[in-house]
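Descriptive structure summary
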Amino acid sequence: AHAKASESRVALVVGNANYQHAPRLASPGSDAEDIARALGTLGFDVTLKRDTPLEGLTQALAEFAEKSAKADFSIVYFAGYSLNAGIDGYLIPIDARLATPDAFRAETITLRAAMLQVAGARVLGIVILDAQRGNPFPAKLGRQDSSRDFEIPAGSGLDASRNAVVFFANEPSKTS
């Protein structure tokens with residue numbers, strides 16, 4: 001039964017603590033390990049990533065999307081820095097400099113992109129954003145064009161809101 005559950009439950013757990021261009025965060029590494037362990041005991045096939053740069057995070061999400069599409073339940077857990085502007089959210093990899101407002105487009109992963117990775121699950125996809133939401137970076141984020149989000153092929157039937165929910169550590173407009 002446990003082996004069968006592992007095939008239908010997948011999780012990507014990311015704990016980013018050691019940022020190259022922002023203050024170190026104390027808890028994301030241990031929080032991610034705790035979550036990964038707990039999900040493993042619940043029968044999830046867990047991929048744990050620590051201190052992940054943009055290229056590694058992009059690759060991990062792409063690989064996870066393939067697993068998620070074959071799973072009944074899919075979870076992305078992210079602990080680290082994140083920022084929000086309006087309804088858009090951004091997951092910050094450890095190598096982000098974010099020196100200018102345009103850098104957000106090139107140096108982050110959108111919350112929508114993470115939602116797309118779990119939305120392919122047959123029953124339910126969950127994104128858990130357990131992130132520090134203050135902005136320690138030089139650039140200040142205004143409303144951004146989210147057109148660079150992962151494109152959804154026309155007629156694919158894939159919708160970031162289909163079977164996907166997001167949980168935040170606090171209200172989207174609040175700093176944790």
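First, a word on what this report is: a plain description of the structure on this page.

Rules used in this analysis
- Residues numbered from 1 in each chain as written.
- Predicted model: local features only at pLDDT ≥ 70, side-chain atom pairs only at ≥ 80, totals over all residues.
- Heavy atoms only, no water.
- Core = buried A, V, L, I, M, F, W, Y, C linked by side-chain atoms within 4.5 Å.
- Buried < 20%, exposed > 50% of the residue type's maximum accessible area, 1.4 Å probe, protein only.
- Helix = DSSP H or I, 4+ residues; strand = E, 2+ residues; numbered from the N terminus.
- Contact = heavy atoms within 4.5 Å.
- Pairing = 2+ DSSP bridges.
- Polar contact = N/O pair within 3.5 Å; in protein donor to acceptor, adjacent residues only side chain to side chain.
- Expected span 1.5 Å × (residues − 1).
- Arc of directions from axis to C-beta.

Structural notes on the nonpolar core
- Core analysis: the biggest nonpolar cluster contains 37 residues, and Tyr-19, Phe-78, Ile-92 and Leu-98 have the highest contact counts within it.
- Going through the elements one at a time, strand E1 (9-15), helix H3 (54-69), strand E3 (73-85), strand E4 (88-91), helix H4 (103-107), helix H5 (111-119) and strand E6 (124-132) are the ones with two or more residues in this core.
- Considering every element that reaches this core, the biggest residue donor is H5, with six residues.
- With sequence-adjacent residues up to four places away left out, Tyr-19 is seen in contact with Leu-25, Phe-78, Gly-80, Tyr-81, Ile-92, Pro-93, Ile-94 and Phe-137.
- Membership of the second largest hydrophobic core comes to 10 residues, among which are Val-13, Ala-32, Ala-36 and Leu-39.

Section: the pairing of strand E2 (residues 45-50)
- One ladder, built from six bridges, connects E1 with E2; its direction is parallel. By the bridge assignment for E2, Leu-12 is matched with Thr-47.

Quick notes on the side chain of Asn-16
- When you line up the elements, Asn-16 lands in the loop between E1 and helix H2 (28-41).
- Within the structure, the side chain of Asn-16 is placed 3.3 Å from the backbone nitrogen of Asp-51, a separation counted as a polar contact.
- When near neighbours in sequence (up to four residues on either side) are disregarded, Asn-16 contacts Leu-25, Pro-28, Arg-50, Asp-51, Thr-52, Phe-78, Ala-79, Gly-80, Ile-92, Pro-93 and Ile-94.

What to know about H3
- With 16 residues, H3 extends 23 Å from end C-alpha to end C-alpha; this agrees with the ideal 22 Å at 1.5 Å per step.
- For H3, the full list of buried residues reads Leu-54, Leu-57, Ala-60, Leu-61, Phe-64 and Ser-68. What you see down the axis of H3 is that its buried residues fit within an arc of 120°, all on one side. Every exposed residue of H3 that faces more than 90 degrees away from the buried side is listed here: Glu-55 and Glu-66.

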